[in-house]
Each structure stands twice: as C-alpha cells, then as structure tokens.
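Structure at a glance
So you can see what is in the structure, the chains are spelled out below.
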Amino acid sequence: MSKIIMVQDIVEKKITLSEAKQMGIMHEGEIFSYFDEGLTRHVFANEDNTKVIKLEQSNIGTFNELEDKIYRNAKDEHKAKMAKTKLVNGFIEQEFVMPIKFGGIKLTMAQVRFATSCRNEVGFNKEGELVCFDLDEYKKY
C-alpha cells in the first residue's frame, strides 16, 4: 500500500527510487502516484493523467526553480512547444505529456528534429502536440 503524504510535508530529505515508487502525493485534493524518474527528479502523475508533480530527489531545490524560470521567461512562441509549467510550493506542477519513450508513436522528421534538439525529453500533450517537458533541455542541441 502506498504511503500518502502532503506535497508541502516533503522537506530536506533525499527520496530514493524505492521510496518514490511506494509514495502517493496529495496535492490540491488529488493523489499523484509514481510515474517515472529523471536524473534529478521523481515524477508523479494524477489518476486521470492531466498533471504531474516533479519532486527533486534531494533538497537542493535548483532544478524546479530553474524550470519555472525558463517557462516564465520564455516567449509565447517557445511556450507553445513546452509543457505548461508552474512552481507550486517549491515543486513543479506540469501538464501531463506522454513521453515518446512510452508513446509508441512514429515521429515525423520535423518531430524527430525537435525531439533531438531537446535531448528527447519530449512527449505528446492531450492535444496531440509534441512538447518539451524537461525545460532545461529545450532546444539546446
């Protein structure tokens, strides 16, 4: 059984992959369950796969702040190619996108070029658009 915790109760603690997989996070009246992990953060999705919470694996706190800053400072034309993102109590809340590594969808050449420019940290949103979800990788390559 998952241990349900409030998102604001997670402070100054390193969260292991094993712990993350057993956690449920209560945020704005919804329970978010473990979905995936990156190099620095664990990702939790709500039940209807409309939002994710990105939780830093340690208390450094810089990656979420950086991602929020990138999104807030991006021009609208770039935001259109990014997953909608906001910082909430030190955590990233982002629209859910299905990463291409899980999607099983053949990409067009334009999509391949975009994905490659974002180190393949991209996925399809509910409108079927390919967007970058790891914003510090946005069009870096």
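Below, the structure is looked at part by part. (Residues numbered from 1 in each chain as written. Predicted model: local features only at pLDDT ≥ 70, side-chain atom pairs only at ≥ 80, totals over all residues. Heavy atoms only, no water.)

**A short note on the pattern of salt bridges**
Applicable threshold: We define a salt bridge as a side-chain nitrogen of Lys or Arg found within 4 Å of a carboxyl oxygen belonging to Asp or Glu.
In this structure the tally under the stated criterion is ten salt bridges. Of the charged contacts in the structure, one is a salt bridge between Glu121 and Arg119, with a shortest N-O distance of 3.2 Å. Here the residues in one salt-bridge network are Arg41, Lys54, Glu67 and Asp134, joined through shared partners.

**A look at the packing of aromatic side chains**
Which entries qualify depends on this criterion: Paired rings are identified among Phe, Tyr and Trp, the last through its six-membered ring, by centres lying within 6.5 Å, and are further divided according to the angle between planes into stacked (under 30 degrees), edge-to-face (over 60) and tilted (the rest). The way it works is that DSSP assigns letters per residue, a run of H or I at least four long becomes a helix, a run of E at least two long becomes a strand, and they are numbered from the N terminus.
All told, the structure shown has four aromatic pairs when counted by the stated rule. Both rings, one in Tyr34 and one in Phe44, keep their centres 6.1 Å apart while their planes meet at 85 degrees; by these two values the pair is edge-to-face. Here Phe44 lies in strand E4 (residues 41–46) and Tyr34 lies in strand E3 (residues 30–37), a separation of ten residues in the sequence. Members of the aromatic cluster, each reached through a chain of ring pairs, are Phe35, Phe96 and Phe102.

**Side note on the sheet that holds strand E9 (residues 122–124)**
Strand pairing within a sheet occurs via backbone hydrogen bonds; the two strands may be parallel or antiparallel. So the rule is basically this: DSSP-based pairing: two strands are paired if at least 2 bridges between them are found. What makes two residues a contact is simply this: any of their non-hydrogen atoms within 4.5 Å. Fitting a line to C-alpha atoms yields each axis, with helices limited to the stretch in contact; the angle taken between N-to-C directions then spans 0 to 180 degrees.
Pairing is antiparallel in the open sheet, where three strands are placed in the order E8-E9-E10. Two strands close off the open sheet at either side, each with one partner strand: strand E8 (98–99) and strand E10 (130–132). As judged from the three bridges shared by E9 and E10, these two strands associate in the antiparallel manner. Bridging across to E10, Gly123 finds its partner in Val131. Lying over the sheet, helix H5 (residues 109–117) contacts E9 and E10, oriented at roughly 10 degrees with respect to E10.

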